[in-house]
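Next come the chains, spelled out residue by residue.
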Amino acid sequence: MRRIHTLVLAAAAALAAAGPLAAQNIRITGAGATFPYPIYSKWVLEYTSLHNNIQINYAAIGSGGGIRQFSDHTVAFGATDGPMTDSMIGAVNGNVIHIPTVLGSVVPTYNIPGVTQQLKFTGDLLAGIFLGQITNWNDSRIAAVNPGVSLPNQDIVVVHRSDGSGTTYIWTDYLSKVNSEWSRRVGKATSVNWPVGLGGQGNPGVAATVSRTPGAIGYVELIYAIQNRIPYGTVRNRSGNFIQASLASTTAAAAGAMASIGADTDFRISITDPDGADAYPIASFTWLLLPKQMSDPVTARPLLEFVWWATHDGQRFTEALDYASLPAPVVRLIEARLKSITLNGTPVLPANYGGRGR
Amino acid sequence: MRAPRLSSAERWRDLRIVSRGDAVYRVALLALALVLPLLLLAIVGGLVVGAWPAIKQFQFGFLTRSVWDPVAGQFGALPLIFGTLYSSLLAMLIAVPLALGAAIFLTEFAPRWMRGPVGTLIELLAGVPSVIYGLWGLFVLIPLQRDIIWPIVKPALRWLPFFSGPFYGPSVLAGGTILAIMVLPYVAAVSREVLRAVPPAQREAALALGATRWEAVWTVILPYGRAGIFGAVVLGLGRALGETMAVTMLIGNRHEISLSLVQPGYTIAAAVANEFAEAVSSMHLSALVYCGLVLFVITVIVNAAARWLIWRVARGSAAGSAAV
């Protein structure tokens, strides 16, 4: 009898020891956009070294794949450069929350022999060029916004992304907003039916084609342009100022756009062509996709704590990787949104949650 | 009592009944032999299921429409099909003479010390990753074609429909050239083996009749190995049809049908690789899978036609196809 007692005690002790061991490995998987992959992997690295009982795997399989895997519940979180459409949200019964994480912007880059000054562009100018209506660099419409620049008689060669891309989404979203003909004829998407031009594979493909084709104009991510020292033009914003894309002017775009957006936003907002004197007009959020009602009690809280950290402390890593950080008003809205996420009907994060210690 | 005498067939039957191991062996081999055809069927099945929404919506019109508009959800694959066939045809036009020339030289004319190294170097081309070909094409081949060759040949060729329009660089010509370089080692290596398999007696007979070496090659050796050489060409064509990375980096990726080689084009494999990851709407995705199915069918048709042709050709010279 006594021996049995000891055995039971030993078993209980073993179980108790195994408990924390089991909690040692919380695995969270996510998948989606490639654009934010460098910052996401940096966050994962930093966060898991702070909390070494958590493993986070992020697979950069593209925004479309991220949305599909999230909708199929094969990953705990998705990531996308273009927000889910209403019909996609309907397909998951509305069980999704978009959380912006960082900002990116897209810049026009060009190669005009003999022109060394930085060119200025307006939305209509870019739309006209990409619609194939402005076909020569000596067009008077280009000269009108670039006084003092002597533009050569050189055919314009439009270069666009051939692969589906969040960069294309931001670019076409902007053109759709500022030009009604673009919106009617082409529209916005990760890949569109381009009226003219050559397709380059990825940012490097577009940049290489532009730099090696006299008269070419294309568009690349700001990060890519900065890191590869590619010259790019300024773009006129809603306030009439020609703005050079930078991390600061990109964050200003988000701040400008948020000024006119209510606290109940679902964050599926386009911030191209925003208000704000210093806002760069071709910018966008990139989003994480989280379920509104979570189902896995093991990963629910660690995942939300990670996202909280990424949108707060994690923002200090953005600048080194050339991503623009979230403006403060957006972070406050994100806090409220994260606290609204539930597990079995009760909020996952306590109402007074202010970030995990350390 | 004398044992009854058995016929040979009966003895075989007896042996088979005794040996259980044989039965197991047979079944195991049968299963292994069926895995590959089943895999093929599974691939076809997967493609049809994935493509079904697009098949239902566009039916066979998909093959003849030229619009590709993911925003409006309208898809047609004609430019892709055309581009795939056109760029592969160009590649074969460039690669086959080069590869055949190399194979003939290496088996018939080259000094012995040269055969090994040159043959190995040609085969090494097959080991270069396709993205390297793409980068080389982007930074070396395109500038060479556009800035050096094109200005020289342009006045002579501009009247041809194959060379009309401005030449920006990324084009069917650039894509087809890189494809030619990529399939060349396959065609050359197989052709060389085929020519090597031609019995020396054939060669010697031709020479004994007074043929020059050139005549011996042209009238005896090549006809003897024609089925095998045709097989080599088909092998190369199959690879050209499905090549993705290098082509998409150089072909310009434009959904448009143009006879002009200096204009951009697009291929099925390149379009699928480009758009699959970021295809957000389910119809877009389905249309891409439909494209994959079309490519699969094209490959099957090309291979079947080639087998039929080889069979036709080989009736005269069965031995020549032994090397394939």
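These numbers come from a predicted model, not from an experiment.

Undergrad: Any details on the overall build of chain A? Residues and values, ideally.
TA: The secondary structure content of chain A amounts to 13 helices and 14 strands. Overall size of chain A, expressed as C-alpha extent along the three principal axes, is 100 × 40 × 35 Å. Counting over 358 residues, chain A shows a buried share of 51%. The contacts in chain A between residues at least 6 apart in sequence include a share of 71% that link residues at least 24 apart.

Undergrad: Let's hear about the overall build of chain B: which residues, and what values?
TA: Helices and strands together make up the secondary structure of chain B, namely 12 helices and 2 strands. Helices (α) and strands (β) of chain B occur, in sequence order from the N terminus, as α-α-β-β-α-α-α-α-α-α-α-α-α-α. Here chain B has a C-alpha radius of gyration of 25 Å; the compact-globule value for 324 residues is 20 Å, and the former is much larger. When the backbone C-alpha atoms are referred to their principal axes, chain B occupies close to 95 × 60 × 30 Å. Counting across all 324 residues of chain B, residues that qualify as buried make up 39%.

Undergrad: Break down the pairing of strand β3 (residues 77-80) of chain A for me, with residues and values.
TA: All names here are of chain A. Here β3 shows two buried faces, one formed by F77 and A79 and the other by G78 and T80. Here strand β1 (residues 26-32) runs beside β3; their pairing, made up of 3 bridges, is parallel. Within β3, the position partnered with G32 by the bridge is A79. In terms of strand pairing, β3 meets strand β11 (residues 283-290) through 3 bridges, oriented antiparallel. Bridge pairing links G78 to L289 in β11.

Undergrad: Now, about the sheet that holds β11 of chain A: what can you tell me, with residues and values included?
TA: What links the strands of a sheet is backbone hydrogen bonding, and the strands pair in either a parallel or an antiparallel sense. All names here are of chain A. The strand order β2-β1-β3-β11-β4-β8-β6-β7 describes an open sheet built from 8 strands, whose pairing is mixed. Since the sheet does not close on itself, it has two edges, and those belong to β2 (54-59) and β7 (198-200), each with one partner. Averaged over all pairs of adjacent strands, the angle between strand axes in this sheet comes to 25°, irrespective of strand direction.

Undergrad: Just give me the short version of the packing of helix α4 (residues 112-124) of chain B against helix α6 (residues 172-196) of chain B, but keep the residues and values in it.
TA: All names here are of chain B. Contact geometry for α4 and α6: axes closest at 8 Å, N-to-C directions at 140°. When the axes of α4 and α6 are compared, the pair comes out oblique. Like other packed secondary-structure pairs, α4 and α6 cross with a definite hand, here left-handed. Residue-level inspection shows G119, I122 and E123 of α4 in contact with α6, the latter providing P185, A188, A189 and R192. Residue classes in the contact of α4 with α6 are distributed as 4 nonpolar, 1 polar and 2 charged.

Undergrad: Break down helix α12 (residues 300-311) of chain A for me, citing the residues and quoting the values.
TA: All names here are of chain A. With 12 residues, α12 ought to run about 16 Å at 1.5 Å a step, and its terminal C-alpha atoms sit 17 Å apart, in line with that. Counting buried positions over the 12 residues of α12 gives 9, a clear majority of the element. Taken together, the buried positions of α12 are A300, P302, L303, L304, F306, V307, W308, A310 and T311.

Undergrad: Which residues make up the nonpolar core, and what values do they have?
TA: Of all hydrophobic cores here, the largest spans 187 residues; its most connected members are A254 and V307 of chain A together with V183, V187 and C291 of chain B. Considering each element in turn, this core owes the most residues, 16 residues, to α6 of chain B. Filtering out sequence-adjacent residues up to four positions away, V183 of chain B remains in contact with A91, A95, G236, R239 and A240 of chain B.

Undergrad: I'd love a proper account of the pairing of strand β4 (residues 97-111) of chain A, names of residues and values included.
TA: Residues and elements named next belong to chain A. Where burial is concerned, most of β4 is hidden: 14 out of the 15 residues are buried. Relative to β11, β4 is paired through 8 bridges, and the arrangement is antiparallel. Within the sheet, the bridge partner assigned to V102 lies in β11 and is T286. Taken together, the 6 bridges between β4 and strand β8 (residues 216-221) define a ladder with antiparallel strand orientation. Residue pairing for β8: T109 is matched across the bridge by G218.

Undergrad: Explain the interface of chain B and chain A to me, using residue names and the numbers behind them.
TA: Counting from both sides, the interface comprises 23 residues of chain B and, opposite them, 29 residues of chain A. Looking at the side of chain B that touches chain A, the elements that each hand over two or more residues are β1 (68-69), α5 (130-157), α10 (245-250) and α11 (268-275) of chain B. With 3 residues, α5 of chain B is the single largest residue contributor to the side of chain B that touches chain A. Here the side of chain B that touches chain A is composed, by residue class, of 14 nonpolar, 5 polar and 4 charged.

Undergrad: Requested: an account of the confidence of the model for chain B, with residues and values cited.
TA: All names here are of chain B. Predicted confidence across chain B gives a mean pLDDT of 87, with 91% of residues reaching 70 or more. Summarising per-element confidence for chain B, the mean pLDDT is lowest in helix α1 (residues 8-18) (64) and highest in helix α3 (residues 78-109) (94). Under a pLDDT of 50 for its full length, residues 318-324 has, in the predicted model, 20 contacts with residues more than four places off or in other chains. Scored as a whole, the predicted complex attains pTM 0.80, and scored at its interfaces, ipTM 0.73.

Undergrad: I'd like to hear about unusual backbone geometry, residue by residue, with values.
TA: Although it is not a glycine, D273 of chain A sits at a positive phi angle of roughly 50°. Tracing the backbone shows D273 of chain A in the loop between α11 (247-258) and β11.

Undergrad: Account for the environment of S183 of chain A, naming residues and giving values.
TA: Mapped onto the elements of the fold, S183 of chain A is located in helix α8 (residues 180-185). A sequence separation of 11 residues divides S183 of chain A from T172 of chain A, and the C-alpha atoms of the two residues are 8.5 Å apart.

Undergrad: Tell me about the packing of α3 of chain B against α6 of chain B, residues and numbers included.
TA: Relative orientation and spacing of two packed helices are given, respectively, by the angle between their axes and the distance between those axes. Residues and elements named next belong to chain B. Put simply, α3 and α6 touch, their axes get as near as 6 Å, and they point 40° apart. Classified by the angle their axes make, α3 and α6 are oblique. In terms of crossing hand, the pair formed by α3 and α6 is right-handed. Of the residues assigned to the contact of α3 with α6, the class counts are 21 nonpolar, 8 polar and 2 charged.

Undergrad: Please give an account of the sheet that holds strand β10 (residues 242-243) of chain A that cites residues and values.
TA: All names here are of chain A. Strand order in this open sheet of 3 strands is β5-β9-β10, and the pairing throughout is mixed. Single-partner strands in this sheet number two, and they are β5 (120-121) and β10. Both strand β9 (residues 234-236) and β10 contribute to a ladder of 2 bridges, which runs antiparallel. Its bridge partner being in β10, V235 is matched across the sheet by I243.

Undergrad: An account of the environment of A33 of chain A is requested, with residue identities and associated values reported.
TA: Residue and element names in this part refer to chain A. Locating A33 in the fold gives a position in the loop between β1 and α2 (37-50). On the basis of neighbour counts, which here come to 30 C-beta atoms within 10 Å, the residue A33 falls in the buried class. Each C-alpha atom of the pair A33 and S63 lies 4.2 Å from the other, and the pair is 30 residues apart in sequence. The contacts of A33, once residues within four sequence positions are left out, are G62, S63, G66, A79, T80, D81, G166 and T286.

Each value, and the rule that gives it
- Residues numbered from 1 in each chain as written.
- Chains lettered and ligands numbered in written order.
- Predicted model: local features only at pLDDT ≥ 70, side-chain atom pairs only at ≥ 80, totals over all residues.
- Helix = DSSP H or I, 4+ residues; strand = E, 2+ residues; numbered from the N terminus.
- Buried ≥ 20, exposed ≤ 12 C-beta atoms within 10 Å, placed from the backbone.
- Contact = placed C-beta atoms within 7 Å.
- Rg over C-alpha atoms; globule rule 2.2 N^0.38 Å.
- Pairing = 2+ DSSP bridges.
- Axes fitted to C-alpha atoms, helices over the stretch in contact; angles between N-to-C directions.
- Parallel < 35°, antiparallel > 145°, perpendicular 65-115°, else oblique.
- Left-handed = near helix turned anticlockwise from the far one by under 90°.
- Nonpolar A, V, L, I, M, F, W, Y, C, P; charged D, E, K, R; others polar.
- Expected span 1.5 Å × (residues − 1).
- Core = buried A, V, L, I, M, F, W, Y, C linked by C-beta atoms within 7 Å.
- pLDDT = per-residue confidence, 0-100.

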